[in-house]
Amino acid sequence: MATQRAPSRVRTTAQDAVFKWKGVDRKGQPMKGELRATSEVAAREALRRQGIRPSAVSKELFSMAQSIKPKEIALFTRQLSTMMKSGIPLLQSFEIVGQGSSNPSIGRMVNTIRTDVETGSSLTTAFRRHPQQFDNLYCNLVAAGESAGILDTLLDRLALYMEKTEAIKAKIKSALTYPIAVMAVAGIVVTVIMLFVVPAFKEVFSSFGSTLPAPTLLVIAISEFFVNYWYLIFGGLIGGFLFISRAIRTSEKLQARRDRLILRLPVFGNLIRKSCIARWTRTLATMFAAGVPLVEALDSVGGASGNIVYVEGSARIRQQVSSGVSLTAAMIQTNLFPPMVLQMCAIGEESGSLDFMLGKSADFFESEVDEAIAGISSLMEPFIIVFLGGIIGGLVVALYLPIFKMGQMV
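The shown structure was predicted, so the numbers you read here are calculated from the model rather than taken from an experiment. (Residues numbered from 1 in each chain as written. Predicted model: local features only at pLDDT ≥ 70, side-chain atom pairs only at ≥ 80, totals over all residues. Heavy atoms only, no water.)

**So, the packing of helix α11 (residues 294–305) against helix α12 (residues 308–322)**
Then, number 1: Following both chains from N to C, one finds α11 and α12 inclined at 170 degrees, their axes separated by 8 Å at the closest point. In this view, α11 runs roughly antiparallel relative to α12, as classed from their interaxial angle. Contact with α11, carried on its side by Leu-294, Val-295, Leu-298, Asp-299, Val-301, Gly-302, Gly-303 and Ser-305, involves Tyr-310, Val-311, Ser-314, Ile-317, Arg-318, Val-321 and Ser-322 of α12 and no other residues of that element.
Then, number 2: Its residues assigned to classes, the contact of α11 with α12 shows 8 nonpolar, 5 polar and 2 charged. (Axes fitted to C-alpha atoms, helices over the stretch in contact; angles between N-to-C directions. Helix = DSSP H or I, 4+ residues; strand = E, 2+ residues; numbered from the N terminus. Parallel < 35°, antiparallel > 145°, perpendicular 65-115°, else oblique. Contact = heavy atoms within 4.5 Å. Nonpolar A, V, L, I, M, F, W, Y, C, P; charged D, E, K, R; others polar.)

See below:
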């Protein structure tokens, strides 16, 4: 069966190797793909159990990362849940999902999981072999579903959780895309004016033989700097951006500073905070409803929030809960949650419906995120118009001031 390659570019070991193979099935049709096995002999034996007669099996020394988006994993989870609820066997569900996916990486991954399950591995173990696609939260919920015999229900909850999470991310990205795109367009327009338009006006002004206004002289000086050092300007901007991005990816301290700074931003900080709270409460509600113990659930909740501040806060909450402190009291000490969430959590603990109350909190903050994005989008347009008008209008006025001055003299 075709299988997915390992998710990272590392050398495979004898315990977890990927083999490429070619062969024919029971009907004599030629097939080829990849298979995960401990050795070539084990790979050939696994193929024979699937009704495939291998003609060539070779070990892959290196593996390339696959491009599978979180929303594709959410769709895969929804499809798998729907088929299991319809009574379709698990292995047949994998085959249908793998064949129906437009992304070849999804097909290879699904076939890998199907092969692992078919050769005796549990579904949780098969998922854990793809850590880039299935995190601890996902695998813990699947393990709870397998142990309790409610895998289809847990997959449905997982799909709902992932769909809501991806919806929040998409809305925040859409809110940020518009101002970033406008800034980029403004930068391009200003660059074109400085490199090509202003030098043309400078040649015209040189024939006037009179003193130019101060704004015009300033624009000309900036244009000359652009013309002479444009490669340094753009090289510095691009190099600085790449350097900072790489430094943030490789440094946990810089990631923590970035996340704390994001939460302090005037308008977007409140939006990101509401998004983190929505994901935090949604994740904890999903795991607690699945029967995962609270202390164990708190291990995955922080990472699902997407912000290091809430990751650290979740670690402190877990430590206090494990020592006997109530969840609400531990959350109060972090100063990360608004009173409404704390009150809902306290009511949930007292009434024994913590998952329900956390889910209601998540619904509330998801609607808050929607309203905040709508408000930001409506307020952003006039500010952007003023910003662009100020920059472009200022440049145009500065360039035409000498012409106006000459008109007054005539």
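**Comments concerning the side chain of Thr-124**
Then, number 1: Inspection of the secondary structure assignment puts Thr-124 in helix α5 (residues 123–128).
Then, number 2: Judged by its relative accessible area of 8%, Thr-124 is buried.
Then, number 3: With near-sequence residues (within four places) excluded, Thr-124 lies in contact with Cys-139, Val-142, Ala-143 and Glu-146. (Buried < 20%, exposed > 50% of the residue type's maximum accessible area, 1.4 Å probe, protein only.)

**Here's the deal with the packing of aromatic side chains**
Then, number 1: For the coordinates displayed, the defined rule picks out 12 aromatic pairs.
Then, number 2: Both rings, one in Phe-127 and one in Phe-134, keep their centres 4.4 Å apart while their planes meet at 35 degrees; by these two values the pair is tilted. Comparing Phe-127 with Phe-134, the two get one shared label, buried.
Then, number 3: An aromatic cluster is built from Phe-76, Phe-94, Phe-127, Phe-134 and Tyr-138, whose rings are joined through pairwise contacts. (Phe/Tyr/Trp six-rings, centres within 6.5 Å; stacked < 30°, edge-to-face > 60°.)

**Details of helix α10 (residues 268–289)**
Then, number 1: If you check α10, its first and last C-alpha atoms are 31 Å apart, about what 22 residues at 1.5 Å a residue would give, namely 32 Å.
Then, number 2: Most of α10 is tucked away, with 17 of its 22 residues classed as buried.
Then, number 3: One or two residues past the end of α10 sits Gly-291, with phi positive at roughly 90 degrees. (Expected span 1.5 Å × (residues − 1).)

**Considering the environment of Gly-149**
Then, number 1: Turning to its location among the elements, Gly-149 is positioned in the loop between α6 (136–148) and α7 (151–206).
Then, number 2: With 38 residues separating them along the chain, Gly-149 and Gly-187 place their C-alpha atoms 57 Å apart.

**Some words on the confidence of the model for the chain**
Caution applies to low-pLDDT regions: their predicted coordinates should not be interpreted in detail.
Then, number 1: Confidence in the prediction of the chain, expressed as mean pLDDT, is 82, and 91% of residues score 70 or more.
Then, number 2: This model gives residues 1–16 a pLDDT under 50, and the stretch forms 70 contacts once residues within four places in sequence are excluded.
Then, number 3: Of the regions scoring below 50 in pLDDT, residues 62–66 engages in 21 contacts with residues more than four places distant in sequence or in other chains. (pLDDT = per-residue confidence, 0-100.)

**Description of the pattern of salt bridges**
Then, number 1: Evaluated as defined, the whole model comprises 14 salt bridges.
Then, number 2: A salt bridge links Glu-312 to Arg-260; the nearest nitrogen and oxygen atoms lie 2.6 Å apart. Taken together, the positions of Glu-312 in helix α12 and Arg-260 in helix α9 (residues 252–263) put the pair 52 residues apart, joining distant regions of the chain.
Then, number 3: Looking at Arg-260, the relative accessible area reads 31%, which means it is partly exposed.
Then, number 4: A salt bridge links Asp-363 to Arg-282, with the shortest nitrogen-to-oxygen separation between them at 2.4 Å. You can see Asp-363 sitting in helix α15 (residues 354–409) and its partner Arg-282 sitting in helix α10, a full 81 residues away along the chain.
Then, number 5: Classification of Arg-282 as buried rests on a relative accessible area of 10%.
Then, number 6: Residues joined in a network through salt bridges with shared partners are Arg-78, Lys-85, Asp-156 and Glu-163. (Salt bridge = Lys/Arg side-chain N within 4 Å of Asp/Glu carboxyl O.)

**Some thoughts on helix α4 (residues 104–118)**
Then, number 1: Between its first and last C-alpha atoms α4 spans 21 Å; for 15 residues at 1.5 Å apiece the expected length is 21 Å, and the two agree.
Then, number 2: Within α4, 12 of the 15 residues are buried, which leaves it mostly tucked inside the rest of the structure.
Then, number 3: Residues of α4 that are buried: Ser-105, Ile-106, Gly-107, Met-109, Val-110, Asn-111, Thr-112, Ile-113, Arg-114, Thr-115, Asp-116 and Val-117.
Then, number 4: Where α4 begins, the capping side chain belongs to Asn-103, and its oxygen is found 3.0 Å from the backbone nitrogen of Ser-105.
Then, number 5: Trailing α4 by a residue or two, Gly-120 shows a phi angle of about 115 degrees, which is positive. (Polar contact = N/O pair within 3.5 Å; in protein donor to acceptor, adjacent residues only side chain to side chain.)

**A look at the environment of Leu-217**
Then, number 1: Looking at the element boundaries, Leu-217 is found in helix α8 (residues 214–250).
Then, number 2: Relative accessible area serves as the criterion here: at 44%, Leu-217 is assigned to the partly exposed category.
Then, number 3: Sequence separation between Leu-217 and Gly-107 is 110 residues; the distance between their C-alpha atoms is 62 Å.

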